[in-house]
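Listed below are the residues making up each chain.
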Amino acid sequence: QKFVGRSRELGQFLAALDHCSDEGRGQTLIVRGEAGVGKSRLVDEFGKLASSKNFTIHTGLILDFGTAKGEDAIGALVRSLLNIPPGGDRVIRAEAADRALKIGWVTEERIVHLNDLLDLPQPSNLAGIYEAMDNTTHNLGKQETLSDLIRSKSQATRLLLRIEDAHWADQTILSHLAHLVRAVQKIPVLLIVTSRITGDRLDQNWRAGTDGAPLMAMDLNPLDTSEASDL
């Protein structure tokens, strides 16, 4: 299907791509708009532009009805970064975790959190350590593990990370997102987050947790009459 309109947003995104490539520093783009206005279609177009400039794309989707452990937006993003195919079973996930450790994408101290992110059982030598951690330590460890993985992957290729439907995010996912925003600002990684305007969770309180990291907000309105006619 032909892509119509949004020339301003496409221009802003191209500028962000070029800055990321030239400076080796990333930023976050928040694409907001009501249901049906074309957020996902625009982000698809962003992906095509990014691919043409040799960015590798990884995606996580936040669902309103919840997901199984390890299959939320952050878990899906980790699986994509580790090249785990959709529906990859426990053996495939364990092999990917072992490979990430051997390659050096994650360190030995992070493997307990990577297992958590991939919904893998903890080996006997780590089970006690994991059980002794409180929930805050678990979440912080997973955030740092994801950041380490992204930093490692970005040394080989520029990345475009895509998180969709942040208006459904719970507090844990919002905390992960804020950490991601902080993490990508110093590496060649662009983070795109989509959200509806109604019920948007990416408010001032959330932004305070990003410590002033670069954010660009795009609020999408319906196409104008001529663009709608062309479509």
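The structure under discussion appears in the preceding block.
First, a word on what this report is: a plain description of the structure on this page. Residue positions are given per chain, counting from 1 as you read along its sequence in written order. Owing to the predicted nature of the model, reporting of local features is limited to residues with pLDDT of at least 70; listing and counting of side-chain atom pairs is limited to 80 or more, with chain, interface and lining totals taken over all residues. Only hydrogens and water are removed before side-chain values are computed, so all heavy atoms of the structure are retained for them.

1. Details of the sheet that holds strand β3 (residues 159-164)
Turning to step 1, where the next piece is worked out: Note: two strands are recorded as paired if DSSP finds a minimum of 2 bridges between them. Here a strand is any run of E in DSSP of at least two residues, a helix any run of H or I of at least four, and the numbering for each starts at the N terminus. Taken together, the five strands give an open sheet; going across it, the order is β2-β3-β4-β1-β5, and neighbouring strands pair in parallel fashion. With partners counted over all chains shown, the strands left at the sheet margins are β2 (56-61) and β5 (215-219), one partner each. In this sheet, adjacent strand axes meet at a mean angle of 15 degrees when their direction is disregarded.
Turning to step 2, where the next piece is worked out: Sheet analysis places strand β1 (residues 27-32) next to strand β4 (residues 189-195), joined by six bridges and oriented parallel. Along β4, the bridge assignment pairs L29 with I192.
Turning to step 3, where the next piece is worked out: Residue contacts are defined here by distance: any two heavy atoms, one from each residue, within 4.5 Å place the two residues in contact. Lines fitted to C-alpha atoms define the axes here, with helix axes fitted over just the stretch in contact, and angles between the N-to-C directions of these axes take values from 0 to 180 degrees. Together, β2 and β3 form the strand contacts of helix α3 (residues 73-81), whose direction differs from that of β2 by roughly 155 degrees.
Turning to step 4, where the next piece is worked out: In the packing of helix α7 (residues 135-154) onto the sheet, the strands contacted are β3 and β4, and the crossing angle to β3 comes to about 145 degrees.

2. With respect to the nonpolar core
Turning to step 1, where the next piece is worked out: Within this scheme, the nonpolar core is defined by two criteria: the residues are buried Ala, Val, Leu, Ile, Met, Phe, Trp, Tyr or Cys, and they are joined through side-chain atoms within 4.5 Å. The classification of residues rests on relative accessible area computed with a 1.4 Å probe and restricted to protein chains. Under 20% of the type maximum is buried, over 50% is exposed, and intermediate values are partly exposed. Counting residues in hydrophobic clusters, the biggest one holds 45 residues, and the most contacted among them are L82, L114, I150, L161, L177 and L180.
Turning to step 2, where the next piece is worked out: With residues near it in sequence (within four places) discarded, L82 still touches A96, R99, A100, W105, L114, L118 and L149.
Turning to step 3, where the next piece is worked out: Membership of the second largest hydrophobic core comes to 18 residues, among which are F13, V43, A50 and L220.

3. Points about the packing of α7 against helix α8 (residues 171-184)
When two helices pack together, their arrangement is captured by the angle between the axes and the distance separating the axes.
Turning to step 1, where the next piece is worked out: At a closest axis distance of 10 Å, the pairing of α7 and α8 adopts a crossing angle of 35 degrees. The hand of the α7/α8 crossing is right-handed. Contact with α7, carried on its side by N139, K142, Q143, E144, L146, S147 and I150, involves T172, S175, H176, H179, L180 and A183 of α8 and no other residues of that element.
Turning to step 2, where the next piece is worked out: Of the residues in the contact of α7 with α8, the class split is four nonpolar, seven polar and two charged. For a crossing to be left-handed, the near helix must be turned anticlockwise from the far one by less than a right angle; the clockwise case is right-handed. When residue character is reported, Ala, Val, Leu, Ile, Met, Phe, Trp, Tyr, Cys and Pro are called nonpolar, Asp, Glu, Lys and Arg charged, and the others, Gly included, polar.

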